[in-house]
Amino acid sequence: MIKRLVVIGNGMAGIKCVEEILGLEPERFQITIFGAEPRPGYNRVLLSKMLQEESSFNHIVTHNWDWYEENGVKLQAGERVCRIDVKSGTVETESGIQEPYDILILATGSLPFIPPISGVQKEGVIAFRDVDDCETMARYAKTYRKATVIGGGLLGLEAAQGLLNLGMETDVVHNAQYLMNRQLDRTAAVLLQRRLEQQGMRFHLAKDTVRIIGRNRAQGLMFADGNRLETDLVVLAVGIRPHIELAQDSGLKVNRAIVVDDYMRTSIPCIYAAGECAEHRGISYGLVAPLYEQAKVLAKVICDHKTAPYEGTVPYAQLKVAGIHVFSAGDIREEGNEIAIMEYNGMQEIYKKVMMRAGAITGAILFGDTAESTSLLGMVQRGAPVTEIISQDNIKNKAEDAAEALPERETVCACNGVSKGDILRAIATDKLKTVEEVKIRTKASSSCGGCRPLVAALVKNGLSRVTASEPVVTTTIQEVVPVCGCTHYDHDSLKIAMVDKVCRTPEEVISRLGWTRQQGCELCRPAVLYYLESLGLQERLATEQLSGGIVNRPTVPYEGEAGPVSLSFTNLNAERQGGVGPAPMDQAFGGVIWLRERLAAVWGSLSLPSPIEIAVSPGSEYPGGVLVHDMGISRSPAGWEVYAGGHAEHPVRQGLLLGLEENPEEVVLMVVTCLQIYRHSARYGEKMWEWIERTGILALRESVLDVALRHELTGSLRSDMLTG
């Protein structure tokens, strides 16, 4: 006899339960799912990606309308269940639909926590929890300018990144001393804050919001210390609370959430619960991995299959913000734990910390390089001895090495419970060649995406030799970070596309390259203008006279997006080191002045990707910061030494020697050649030291020392260099 199975909740927990049941006993149940949202199943974890305009709703759908029909699942979308009649075994929706059940699964999820702030019900105050919230934010971004997110945790930062990419000025208010204080320590949080500030985010830490200002709608926040912050939109992202009202009204045992045992059974027979609405051993999880683990156990219980009990999940977190890699797992508190390993590279902004208790690994934090995240998570889950990670310290922290060292039984995708062995067998059996193919076949990396580098490494390394005789042909996977949320192009592909599509104006870039916002944003506007000029796609005068396009470009010194980036020179320190009074204006000083005048005259106000500061020194006794500026020129006994790629602020970089020239005229040619190469090949906003670090000093050195290339690149500027 076919039993009637009703699932309340069409979210990730409910769908996963049904999916697992169909995999075990596809003909055993008549399945009905009630979903409060009028949509098919989607990946809520990827909402931030949708908000950041990296994907549309269709891209985050996990089970389309056809899936329900093909699997004989009746979906009541847009129907909110308001009552469970335990005695008769029936559920009823707000619209009056009644559905009998033999087995009932509660997967009602959670609701956003609304803090008790005065004015929180005003217009312009929203939560960040579902697709409707994303659409509301997008609408506000078209009309208003300033947004504020209350909450500096995972959800808050992802929402803030989305608002920033929508073109809004974005502030984050957090009541703790540092960001993600539940998942990170202060060191990692400071690194994170610095990176987010570079993207345009602003932070107000250790601030308690007491009131939302505004007569009819939100216009600002007032803090407990009396300070205020103006805003047009307030997004609440301070946590969630399990959705348990329906269970409470039905007489089920609840604490913070619906109490379940190790087999996901509630206090009433034939009623089960899973996901964020369930409380297991006193813990209610808000993560995907435990949700899926619970669903697998529950499916086997309902299908009368033998199963091990669900014993809990080690919490872990990965931030989903483009270009920033953060991972945290387990207990990272120093209270009750000891630091087993701590590595910090301030120059590269890479941080690793592993905690232990009684010699066993209890928690880990990674920032900047998260290739080890999967293997570390496995160690934390097993409580592995710290000697296990110390023995791997000789392995470089690269995804390929982490993949090689990972045991075949180890889980790669914690969200979907996919092991390294599962992936290797799929690659070998189905001859998979890309990460996308592995994702479709195994679902690895299809949820939060945190394991994607490791999946790519498994493909790239051809590790299928463990289970297959034929090597796997692979492709290199590289992360592409778009210029901004207006486009899918990164800086390099944007330049190529602008040339291919013959874009001569900002309007043509917008229309021909499929921009999502007609006016662009503060990130792409200056980049487009710069590439139009530096690629020679339009005359500079025409660029400056634009009106009604992406931006009107004033001819003023560089300030953000406000105009051409040109050279500046450090003040020459004319005092002798250790001496008193100015040095005489000898030949060396005369050469310094000539060089500065010629470089300024030759380069004029031609644009550069990022501001360039040049230090010129008459000799080693006058340091002048030659080695810690973008470019440095110093007189030496053999001639003039030219350095490039220095940086005085964090991260400090010492300039690298480009070459040595005897006469000042050739020095000018070398410097201008370097600037021309930088101008045409760097990405907009990329500092010279970043560009050299990415492309390599050897190639640059060969180019500037190539006399023919030097003359070709300086072109018509050459005559101006040697006159005046």
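A. Just the packing of helix α14 (residues 435–442) against helix α15 (residues 452–460), in detail. Relative orientation of the contacting elements α14 and α15 amounts to 110°, with a least axis distance of 9 Å. Accordingly, the angle class assigned to the pair α14 and α15 is roughly perpendicular. Contacts between α14 and α15 involve Val435, Glu436 and Val438 on the former and, on the latter, Arg452, Val455, Ala456 and Val459. Classifying every residue of the contact of α14 with α15 by side-chain character gives five nonpolar, no polar and two charged.

B. Structural view of the packing of aromatic side chains. Per the counting criterion, the structure on display carries nine aromatic pairs. Taken together, a centroid distance of 6.4 Å and an interplanar angle of 80° make the contact between Tyr285 and Tyr310 edge-to-face. Taken as a pair, Tyr285 in the loop between β22 (278–280) and α9 (288–302) and Tyr310 in the loop between α9 and β23 (316–318) lie far apart in primary sequence, 25 residues in all. A single burial state applies to Tyr285 and to Tyr310, both of which are buried. Centre to centre, the rings of Tyr316 and Phe327 are 6.4 Å apart; their planes meet at 35°, and the pair counts as tilted.

C. Spotlight on the sheet that holds strand β15 (residues 209–213). One open sheet holds the three strands; their spatial order is β15-β16-β17, and the pairing between them is antiparallel. Pairing within the sheet leaves two strands with one partner each, and these edge strands are β15 and β17 (228–230). The average undirected angle you get between the axes of adjacent strands in this sheet is 20°. In this sheet, β17 lies alongside strand β16 (residues 220–223) in antiparallel orientation, the contact comprising three bridges. Within the sheet, the bridge partner assigned to Leu221 lies in β17 and is Leu229.

D. Representation of helix α23 (residues 697–705) in the model. Every buried residue of α23 is accounted for by Ile697, Leu700, Ser703 and Val704. Taken down its axis, α23 places every buried residue within 125° of arc, on the same side. Pointing more than 90 degrees away from the buried face of α23 are the exposed residues Leu698 and Glu702.

E. Local environment of the nonpolar core. One finds Ile8, Ile33, Val91, Leu104 and Leu106 to be the most contacted residues of the largest nonpolar core, which totals 49 residues. Residue contributions to this core peak at six residues, all from α9. Residues Leu51, Phe57, Met168 and Val321 belong to the second largest nonpolar core, which totals 45 residues.

F. Here's a closer look at the packing of helix α13 (residues 420–430) against α15. Put simply, α13 and α15 touch, their axes get as near as 11 Å, and they point 45° apart. Classified by the interaxial angle, the pair formed by α13 and α15 is oblique. Crossing geometry of α13 relative to α15 is assigned as right-handed. Note on element contacts: α15 touches α13 through Val455, Leu458 and Val459, opposite Lys420, Ile423, Leu424 and Ile427.

G. Here's a closer look at the pattern of salt bridges. Taken as a whole, this structure holds 33 salt bridges when the rule is applied. Across the salt bridge formed by Glu388 and Arg382, the nearest N and O atoms sit 2.5 Å from each other.

H. Inspection of the side chain of Thr32 at higher detail. With respect to the helices, strands and loops of the structure, Thr32 is situated in strand β2 (residues 29–35). You can call Thr32 buried: its relative accessible area is 2%.

I. Molecular detail of the environment of His174. Along the polypeptide, His174 turns up in strand β13 (residues 169–174). When the C-alpha atoms of His174 and Asp208 are compared, they prove to be 7.5 Å apart, with 34 residues separating the residues in sequence. For His174, the contacting residues outside a window of four places in its chain are Gly151, Gly152, Gly153, Leu179, Met180, Asn181, His204, Leu205, Ala206 and Lys207. Here the side chain of His174 touches Tyr178 through a polar contact of 3.5 Å, landing on its backbone oxygen.

J. Spatial organisation of the pairing of strand β33 (residues 639–644). Most of β33 sits out of view: five of its six residues are buried. Relative to β33, strand β32 (residues 631–636) runs antiparallel, the two sharing six bridges. Across the sheet, residue Ser636 finds its bridge partner in β33, namely Gly639. Between the antiparallel neighbours β32 and β33 lie two residues. As paired strands, β33 and strand β34 (residues 656–661) are joined by five bridges and run antiparallel to one another. Along β34, the bridge assignment pairs Trp640 with Glu661.

K. Fine view of the sheet that holds strand β21 (residues 271–273). Strand order in the open sheet formed by five strands is β5-β2-β1-β9-β21, and the pairing between neighbours is parallel. Strands at the two margins of the open sheet, each flanked by one partner only, are β5 (74–77) and β21. Averaged over all pairs of adjacent strands, the angle between strand axes in this sheet comes to 15°, irrespective of strand direction. Bridge count for strand β9 (residues 103–106) against β21 is three bridges, and the pairing is parallel. Pairing of Ile105 across the sheet is with Tyr272, part of β21. Packed on one face of the sheet, helix α1 (residues 12–24) meets β1 (3–8), β2 and β9 and runs near 165° to β2.

Criteria and cut-off values
- Residues numbered from 1 in each chain as written.
- Predicted model: local features only at pLDDT ≥ 70, side-chain atom pairs only at ≥ 80, totals over all residues.
- Heavy atoms only, no water.
- Axes fitted to C-alpha atoms, helices over the stretch in contact; angles between N-to-C directions.
- Helix = DSSP H or I, 4+ residues; strand = E, 2+ residues; numbered from the N terminus.
- Parallel < 35°, antiparallel > 145°, perpendicular 65-115°, else oblique.
- Contact = heavy atoms within 4.5 Å.
- Nonpolar A, V, L, I, M, F, W, Y, C, P; charged D, E, K, R; others polar.
- Phe/Tyr/Trp six-rings, centres within 6.5 Å; stacked < 30°, edge-to-face > 60°.
- Buried < 20%, exposed > 50% of the residue type's maximum accessible area, 1.4 Å probe, protein only.
- Pairing = 2+ DSSP bridges.
- Arc of directions from axis to C-beta.
- Core = buried A, V, L, I, M, F, W, Y, C linked by side-chain atoms within 4.5 Å.
- Left-handed = near helix turned anticlockwise from the far one by under 90°.
- Salt bridge = Lys/Arg side-chain N within 4 Å of Asp/Glu carboxyl O.
- Polar contact = N/O pair within 3.5 Å; in protein donor to acceptor, adjacent residues only side chain to side chain.

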